[in-house]
Amino acid sequence: MPKISTESVNTTVTTSQTASTAPKDTATIFNPAKSTATPAQSSTDSVQPYHHKANHNQNRSIEQSSHLNSASSSAPVNAAPKIGFVSLGCPKALVDSERIITELSRDGYQVASDYEGADLVVVNTCGFIESAVQESLDAIGEAISKNGKVIVTGCLGKEAEKIRAMHPAVLAVTGAHAYDEVITAVAQHVPRPNRSQDANYDPKIDLINEAGIKLTPSHYAYLKISEGCNHRCTFCIIPSLRGDLVSRPIDSVMNEAMALKNAGVKELLIISQDTSAYGLDLKYKTSFWNGMPLKSKFYDLCQALNDLGIWVRLHYVYPYPHVDKVVELMGEKKLLPYLDIPFQHASPRILKAMKRPAHSENTLARIKAWREICPDIVIRSTFVVGFPGETEEDFQCLLDWLVEARLDRVGAFTYSEVEGAVANDLPNHVPEDIKQERYERLMTLQQDISAQKLQEKVGKTLIVLVDEIDSEEGIAICRSYADAPEIDGHVYVDEITPQVKVGQFLTVTIDDASEYDLFASYKG
């Protein structure tokens, strides 16, 4: 079966060396179904770019938002001011953008399809690593130059002085998940439309679905169950940006999940800063949903989500012991057998320096136990290479761990200083050239592991979800249970019939495999 090039659809891990030189195509909310990211790789790299992104970037450009904003499309064209949106960073930030757009749409605003057509532009920034900070600052500058009226929100908003020093023309700066502040700032500079005076306005038509406006394709959606994090990892500033853990009551989560299912969503991607800590801050408070008592607890939430009868994928899960019970649900085929766990390293000394939760756990033993409970389980993770003080012995420990763990999906990034991180003050920083060399060695190793694991799937039958149709080639670009959107691989299905549509499940036979993707046939 002919293989097609995946260069245009796979994204790459961004390292601190390549991020600053990569071509920028700012993800503005204006066709989120199509990624415009350009693979970033240094010209000196000897390794094929590995497309599993380290920090799950879900950037959206102005063009990538307006096409899915159907909920407000019935608003009178001449009456409604238009707001452009640039959303940078991870799915958690994307959910923040979705919520702000939903509230603006309820107020009568429309989403602009380009800078020129926008009355104002909101830039939702990322501040996770230094390259993300620079990308956010560049995006703010682009919005100012192309539009002039800009409001900044998101994680980098905590650095308001830095933003205003570089871009004094910004109208307002707010922090992460500051929804009301953004709405207020927009209304201050672009007054809310008085839709009651418009004869064409029909509130029954313009009602927005209970699930809100989503910036993902209609067949999958992110569901954020909590905000913030109680951990104090030395390389991370997320708690200072988003605060401590604040979980949503389980009835609120389930109401949104049901609304998404009713809207046609086939796959829910569960996200937070620490998914397996869900409900800890609420002391696992009991709420009622559909007349039944439910505890705001990770395991209970997973059980309830299973009852919806759609794909449920878990992201950002820390390997606490109670995760074992959730893996049992996966073994019973009640959840997608997929765990996204940010291990970050394997050397006990480096994990301790990182102040990682569960750093003393025997994770190899836990992974082995999970595979005994659920043989089909897929595990993806991310790793930091070149953390301060990392020796060759520490790095070799990580490589040996990967050989034994044989993870299915791996992303990596080289350590880079981010303002406010405790790790910046640690001794023995690793030189940049050694960081890059270690990164390449890790990814070369993982590429071989990935190729071997995917080759084992050849000849098997899988259920896949169609993400995109390539009509010219007669190919469906799909994902299996092993593939999260935008960060993992694809299943390319050839010789499809005209009846195959985006958002449809197909049963296919795997004919071939590459390092990251599968190739399959469909008999209809």
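Here is what the cut-offs are and how they apply
Residues numbered from 1 in each chain as written. Predicted model: local features only at pLDDT ≥ 70, side-chain atom pairs only at ≥ 80, totals over all residues. Heavy atoms only, no water. Buried < 20%, exposed > 50% of the residue type's maximum accessible area, 1.4 Å probe, protein only. Helix = DSSP H or I, 4+ residues; strand = E, 2+ residues; numbered from the N terminus. Pairing = 2+ DSSP bridges. Axes fitted to C-alpha atoms, helices over the stretch in contact; angles between N-to-C directions. Expected span 1.5 Å × (residues − 1). Lys, Arg positive; Asp, Glu negative; His and termini not counted. Salt bridge = Lys/Arg side-chain N within 4 Å of Asp/Glu carboxyl O. Arc of directions from axis to C-beta. Parallel < 35°, antiparallel > 145°, perpendicular 65-115°, else oblique. Left-handed = near helix turned anticlockwise from the far one by under 90°. Contact = heavy atoms within 4.5 Å. Nonpolar A, V, L, I, M, F, W, Y, C, P; charged D, E, K, R; others polar. Core = buried A, V, L, I, M, F, W, Y, C linked by side-chain atoms within 4.5 Å. pLDDT = per-residue confidence, 0-100.

**Digging into the pairing of strand E20 (residues 491-494)**
Side-chain direction in a regular strand flips from residue to residue, so the side chains alternate between the two faces of the sheet.
Logical step 1: Side-chain alternation along E20 places Val-491 and Val-493 on one buried face and Tyr-492 and Asp-494 on a second face that is also buried.
Logical step 2: When E20 meets strand E22 (residues 518-521), the two strands line up parallel, connected through four bridges. When the sheet's bridge partners are listed, Tyr-492 is paired in E22 with Phe-519.

**Describing the sheet that holds strand E19 (residues 475-479)**
Logical step 1: Ordered by their spatial adjacency, five strands build a closed barrel running E18-E19-E20-E22-E21, and the pairing between neighbours is mixed. Geometrically, the sheet is characterised by an average inter-axis angle of 50° between neighbouring strands, direction not taken into account.
Logical step 2: Taken together, the five bridges between strand E18 (residues 461-470) and strand E21 (residues 505-513) define a ladder with antiparallel strand orientation. Bridge pairing in E21 links Ile-463 to Thr-507.

**Notes on helix H4 (residues 130-146)**
Logical step 1: Counted at 1.5 Å a residue, the expected span for H4 with its 17 residues is 24 Å, and the 24 Å between its end C-alpha atoms agrees.
Logical step 2: Along H4, the residues that are buried comprise Ser-131, Ala-132, Val-133, Ser-136, Leu-137, Ala-139, Ile-140 and Ala-143.
Logical step 3: Positive phi appears at Gly-148, one or two residues downstream of H4, with a value of about 105°.

**Focus: the side chain of Lys-457**
Logical step 1: Within the secondary structure, Lys-457 is located in the loop between helix H15 (432-455) and E18.
Logical step 2: Here Lys-457 is buried and forms no salt bridge, its nearest opposite-charge partner Asp-408 lying at an N-O distance of 5.6 Å.

**A closer look at the pattern of salt bridges**
Logical step 1: Inspection of the entire model under this criterion finds 27 salt bridges.
Logical step 2: Notably, a salt bridge pairs Arg-479 with Glu-267, separated by 2.7 Å at the nearest N-O pair. Of this pair, Arg-479 sits in strand E19 while Glu-267 sits in strand E11 (residues 267-271), and the two are 212 residues apart along the sequence. As far as the burial class goes, Arg-479 and Glu-267 line up, both buried.
Logical step 3: Salt-bridge contacts for Arg-406 lead to Glu-456; the nearest nitrogen and oxygen are separated by 3.4 Å. One end of the pair, Arg-406, is in the loop between helix H14 (392-405) and strand E17 (409-414); the other, Glu-456, is in the loop between H15 and E18, and 50 residues separate them in sequence.
Logical step 4: On the accessibility criterion, Arg-406 (25% relative accessible area) is partly exposed.
Logical step 5: Put simply, Glu-390, Glu-392, Glu-437, Arg-438 and Arg-441 are held in one network by salt bridges that share partners.

**A short note on H14**
Logical step 1: Helix length check: H14 (14 residues) gives 20 Å between terminal C-alpha atoms against 20 Å at 1.5 Å per residue, within 8%.
Logical step 2: Every buried residue of H14 is accounted for by Asp-394, Phe-395, Leu-398, Leu-399, Trp-401, Leu-402 and Ala-405. For H14, the angular spread of the buried residues around the axis is 160°, confining them to a single face. Away from its buried face, by an angle of more than 90 degrees, H14 presents the exposed residues Glu-393 and Glu-404.

**Quick word on the packing of helix H3 (residues 91-106) against helix H6 (residues 179-189)**
Logical step 1: Remark: H3 packs on H6, axes separated minimally by 10 Å, with the N-to-C direction vectors making an angle of 45°. Considered as vectors, H3 and H6 are oriented oblique to each other. When you trace H3 past H6, the crossing you get is right-handed. Only Tyr-179, Val-182, Ile-183 and Val-186 of H6 make contact with H3, whose side of the interface consists of Asp-96, Arg-99, Ile-100, Glu-103 and Leu-104.
Logical step 2: Along the lines of polarity and charge, the residues of the contact of H3 with H6 split into six nonpolar, no polar and three charged.

**Side note on the nonpolar core**
Logical step 1: Of all hydrophobic cores here, the largest spans 57 residues; its most connected members are Leu-268, Leu-305, Leu-314, Leu-339, Leu-407 and Leu-442.
Logical step 2: Leaving out residues up to four positions away in the same chain, Leu-339 has contacts with Leu-314, Val-317, Val-323, Val-327, Met-330, Trp-370, Ile-377, Val-378, Ile-379 and Arg-380.

**Looking at the confidence of the model for the protein chain**
Logical step 1: Scored by pLDDT, the protein chain comes out at a mean of 84, with 81% of its residues at no less than 70.
Logical step 2: Here residues 67-77 is modelled with pLDDT under 50, and outside its nearest four sequence neighbours on either side it reaches 31 contacts, counting other chains as well.
Logical step 3: Here residues 201-207 is a poorly scored stretch, pLDDT under 50, and it has seven contacts once near neighbours within four places are set aside; other chains count.

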